[in-house]
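# Fold and contact review
Below are the chains, spelled out letter by letter.
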Amino acid sequence: QVQLVESGGGLVQPGGSLRLSCVVSRSIFSMDDMGWYRQAPGKERELVARISGPGNRNYADSVNGRFTISRDNLKNTVYLQMNNLKPEDTAVYYCKTAFRGYDYWGQGTQVTVSS
């Protein structure tokens, strides 16, 4: 069993920044892809960013150049640095990993971008 706990969400004005954290209950050293997803009201959950074990990164076109995903294997934590936030970034953000054939999700953290 793997637990993921996200934090760092909140209310921010357009153009502002937030850093999300996802703490995993076991070592992520052997976990390959870890990702951040988001789901806005009335929309499907979508991939925001993904990072592999060796550190290869992929981003959704809508966030490329504004968001940065990183991982700290010693702290069992994955981060999402979000800069120049826009109202359309408003969503619940979820952390996800896969371990021994199963997908595990966190409970989500709300990000609201509004003036």
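First, a word on what this report is: a plain description of the structure on this page. Fair warning: this is a prediction, and the values are worked out from it, not measured in the lab.

What counts, and where the lines are drawn
Residues numbered from 1 in each chain as written. Predicted model: local features only at pLDDT ≥ 70, side-chain atom pairs only at ≥ 80, totals over all residues. Heavy atoms only, no water. Helix = DSSP H or I, 4+ residues; strand = E, 2+ residues; numbered from the N terminus. Rg over C-alpha atoms; globule rule 2.2 N^0.38 Å. Buried < 20%, exposed > 50% of the residue type's maximum accessible area, 1.4 Å probe, protein only. Contact = heavy atoms within 4.5 Å. Areas by Shrake-Rupley, 256 points an atom, 1.4 Å probe, with all protein chains shown as cover. Lys, Arg positive; Asp, Glu negative; His and termini not counted. Charge placed at Lys NZ, Arg CZ, Asp CG, Glu CD. Phe/Tyr/Trp six-rings, centres within 6.5 Å; stacked < 30°, edge-to-face > 60°. Salt bridge = Lys/Arg side-chain N within 4 Å of Asp/Glu carboxyl O. Pairing = 2+ DSSP bridges.

### Points about the overall build of the protein chain
A count of helices and strands for the protein chain gives zero helices and eleven strands. The order of α-helices and β-strands along the protein chain, N terminus first, is β-β-β-β-β-β-β-β-β-β-β. Taking 13 Å as the expected radius of gyration for a compact globule of 115 residues, we find that the protein chain reaches 13 Å, a close match to that expectation. Seen through its principal axes, the protein chain has C-alpha atoms that stretch 40 × 25 × 20 Å. For the protein chain, buried positions account for 43% of its 115 residues. Once local pairs closer than 6 in sequence are excluded, the contacts in the protein chain between residues at least 24 apart make up 53%. Carbon and sulfur atoms provide 46% of the accessible area of the protein chain, an area that totals close to 6,200 Å². If you average the places of the 13 positive and of the 10 negative side-chain charges in the protein chain, the two averages end up 5 Å apart.

### A closer look at the packing of aromatic side chains
Summed over all chains, the structure comprises two aromatic pairs. A centroid spacing of 5.0 Å and a plane angle of 65° characterise the contact between Tyr37 and Trp105, whose relative ring orientation is edge-to-face. Of this pair, Tyr37 sits in strand β4 (residues 34-39) while Trp105 sits in strand β10 (residues 102-105), and the two are 68 residues apart along the sequence. Given the relative accessible area of 15%, Tyr37 is considered buried. Ring geometry for Tyr94 against Trp105: centres 6.4 Å apart, planes inclined by 85°, an arrangement best described as edge-to-face.

### Some remarks on the pattern of salt bridges
Evaluated as defined, the whole model comprises five salt bridges. Notably, a salt bridge pairs Arg66 with Asp89, separated by 2.8 Å at the nearest N-O pair. Of this pair, Arg66 sits in the loop between β6 (57-59) and β7 (67-72) while Asp89 sits in the loop between β8 (77-82) and β9 (91-99), and the two are 23 residues apart along the sequence. As far as burial versus exposure is concerned, Arg66 and Asp89 are alike and both buried.

### A look at unusual backbone geometry
Most of the time, phi is negative for any residue but glycine, and the peptide bond is trans. For Asn84, which is not glycine, the phi torsion reads 50° and is therefore positive. Relative to the elements of secondary structure, Asn84 occurs in the loop between β8 and β9. Under the relative-accessibility criterion, Asn84 is labelled partly exposed at 42%. In the Ramachandran plot, Arg100 falls in the positive-phi region, its phi being about 50° despite a non-glycine side chain. Mapped onto the elements of the fold, Arg100 is located in the loop between β9 and β10.

### Description of the pairing of strand β11 (residues 109-113)
Judged by which residues are buried, β11 turns out to be one-sided: Thr109, Val111 and Val113 face inward and are buried, whereas Gln110 and Thr112, on the alternate face, are not. The sheet contact formed by strand β2 (residues 10-12) and β11 spans three bridges and is parallel. Of the residues in β11, the one forming a bridge with Val12 is Val113. Pairing geometry for β9 and β11, over three bridges, is antiparallel. Each residue of the ladder has a partner; that of Val92, found in β11, is Gln110.

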